[in-house]
Amino acid sequence: MRLKISLLKEPKHQELVSCVGWTTAEELYSCSDDHQIVKWNLLTSETSQIVKLPDDIYPIDLHWFPKSLGIKKQTQAESFVLTSSDGKFHLISKLGRVEKSVEAHCGAVLAGRWNYEGTALVTVGEDGQIKIWSKTGMLRSTLAQQGTPVYSVAWGPDSEKVLYTAGKQLIIKPLQPNAKVLQWKAHDGIILKVDWNSVNDLILSAGEDCKYKVWDSYGRLLYNSQPHEHPITSVAWAPDGELFAVGSFHTLRLCDKTGVRNVLNDAVDLLEFRDRVIKASLNYAHLVVSTSLQCYVFSTKNWNTPLIFDLKEGTVSLILQAERHFLLVDGGGIYLYSYEGRFISSPKFPGMRTDILNAQTVSLSNDTIAIKDKADEKIIFLFEASTGKPLGDGKLLSHKNEILEIALDQKGLTNDRKIAFIDKNRDLYITSVKRFGKEEQIIKLGTMVHTLAWSDTCNILCGLQDTRFTVWYYPNTVYVDRDILPKTLYERDASEFSKNPHIVSFVGNQVTIRRADGSLVHISISPYPAILHEYVSSSKWEDAVRLCRFVKEQTMWACLAAMAVANRDMTTAEIAYAAIGEIDKVQYINSIKELPSKESKMAHILMFSGNIQEAEMVLLQAGLVYQAIQININLYNWERALELAVKYKTHVDTVLAYRQKFLETFGKQETNKRYLQYAEGLQIDWEKIRAKIEMEITKERERSSTSQSSKNIGLRH
């Protein structure tokens, strides 16, 4: 990406231009010491004077009122605040009408910024004061007072903190009284400009020491530029947080670049566009390019004839791609399109703010759209991709802590769709998208995880964990057999990636990581787990076993064991568990095979995976009440065992007998009131109980053989 610079032969302003502000991707307002406010249209190259300010007003800073879907009255959104050298700030409409002028500071008002919700305005001035105002210009509070001029100010992403300059220092001050203030020395000269991005939570600073720097919100230095020839006088983030611009004397810098190259035959295609390119994304054999007016969809098989459609708004801030469709985010909403250019859906929820959405807070798969809520960061909204409606019965995914990053897996059936996320403690969790119940809970996969990505070809997850690069070859293992999860991982040292690396993509068996200095590092993982996923998804179990025997790795056998249990193929599971030395589980699988009915087998397979309630439900639906009671006895769920026996009026004596035996073994007396109630006057007869149990097993075996015979007759007919 590069900056396109054009200079008019005759300048539209007669004096120094002090501040500019974008209204859309193609419209710009500028203010100058000649007292004029001029509107620029980049499409038509037309300019027009909006208003001529009084001669005593010299503009210093300009900031547009934020656009938001939550604002009902769009009139306020069509206005901006202008600070000036006479100690005032002015609220001015888009048409140039000065709605209000407010005496704000002694000396010049050096900067003014709306918060992200448009509910408050912060101003700073030569008098060293930082003041908070209502959106109508009423003073709310004086947040702080410095002994030196405050040259620049920025809101924190949550609008709960303010960042401002104090000589060579940067200060973050929360709005709440008595809250802890963060202050650090940031430059060797006076700091002239700051910006704080709401999407990536990173801070830019620039100063008279001729350097610009990038910080995290804790004041830790992430990037320090080389000294330039002149002081850095301006810095600004792009809204999506991917790029930033740096301004100095006769110099403007943009810190990234992108291109299209066919690495197979080294052919280069030069793609020309009528309008400015705003955003581009290349994935799933398609290149999606957003310009200021249109969206272009190229197939990698044919670069010559793109599919083109018009955009509602030219400020696309995010493009996400899945195998079947892609998502565009702009100032007005979220829109899903097919690669043929057909509009599919536009999900919405109350208070949705599209200006802060990025690739970490929105995720897309073939059937699901996930969006992290900004108002309550513990919540993820889930939508059906095809309709844009909330998933299922509209339940939200709610977590105990604030969520930082989300990612949907890309392959498999809709009912098996999983979402992984990192919370503020840097713990990695996984859960099912379709069902939220006791059996499909949110389960922790790892700790100290800073970044994650799913493979685009199969459901393999990778992440950077503290000093390690970790790959979860089969994350679903946590739902099947959590004991063997560590055996399904691949880990390697990640210290070579330095501080704050970020996973850019996971394509096939290639992971691309961007280091803090901007360089890209590529890691290749074993191709065999992806092949194993492919075999299992096609139910090619013999091929899967053959592959594991060829590779001879414990991780492969462990993955196959979990995959086989998940797909109820206990023969393959037995082979795989034997290969990793899990003898007790091999014996349990053998005992499952000997069970008399398919319902009993299914129930014990579910128990093997820890799904006790589901196992019980399978048995009760099949009328196998005794077996449902027995699994609760085996698990010492005494309350539930007695509850079932009483409810179905069978085997109450059996439950009491096993309870008595359990207490005798541990030398304890009965204290449970319900057991004391039902044991009163009841004689335990073990011979009678064993006969009843044997009869139940015989009945189950006979019913199973009758069912099989009926099925065989049906097949012959």
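The shown structure was predicted, so the numbers you read here are calculated from the model rather than taken from an experiment.

Moving on to the pairing of strand β18 (residues 203–207). In terms of burial, β18 is largely enclosed, as five of its five residues are buried. Of the two faces of β18, the one carrying Ile203, Ser205 and Gly207 and the one carrying Leu204 and Ala206 are both buried. Here five bridges tie strand β17 (residues 191–196) to β18, and the two strands are oriented antiparallel to one another. Paired with Trp196 across the bridge in β18 is Ile203. Between the end of β17 and the start of β18, which pair antiparallel, lie six residues, with Asp201 showing a positive phi angle near 60°. With four bridges joining them, β18 and strand β19 (residues 212–215) adopt antiparallel strand pairing. Within β19, the position partnered with Leu204 by the bridge is Val214.

Let's shift gears to the pattern of salt bridges. This structure, assessed with the given rule, holds 28 salt bridges. Lys52 is the salt-bridge partner of Asp55, the closest N and O atoms lying 3.7 Å from each other. For Lys52, a relative accessible area of 47% corresponds to the partly exposed category. Measuring nitrogen to oxygen at the nearest pair gives 3.2 Å for the salt bridge that ties Glu323 to Lys411. In this pair, Glu323 is assigned in the loop between β30 (318–321) and β31 (325–329) and Lys411 in the loop between β38 (403–408) and β39 (418–423), connecting sequence segments 88 residues apart.

Spatial ordering of the open sheet is given by β26-β27-β28-β29, a layout of four strands whose pairing is antiparallel. Each of the sheet's edge strands pairs with one partner strand only, and the pair in question is β26 (277–283) and β29 (302–310). Ignoring strand direction, the axes of neighbouring strands in this sheet form an average angle of 20°.

Rules of the game
Residues numbered from 1 in each chain as written. Predicted model: local features only at pLDDT ≥ 70, side-chain atom pairs only at ≥ 80, totals over all residues. Heavy atoms only, no water. Buried < 20%, exposed > 50% of the residue type's maximum accessible area, 1.4 Å probe, protein only. Helix = DSSP H or I, 4+ residues; strand = E, 2+ residues; numbered from the N terminus. Pairing = 2+ DSSP bridges. Salt bridge = Lys/Arg side-chain N within 4 Å of Asp/Glu carboxyl O. Axes fitted to C-alpha atoms, helices over the stretch in contact; angles between N-to-C directions.

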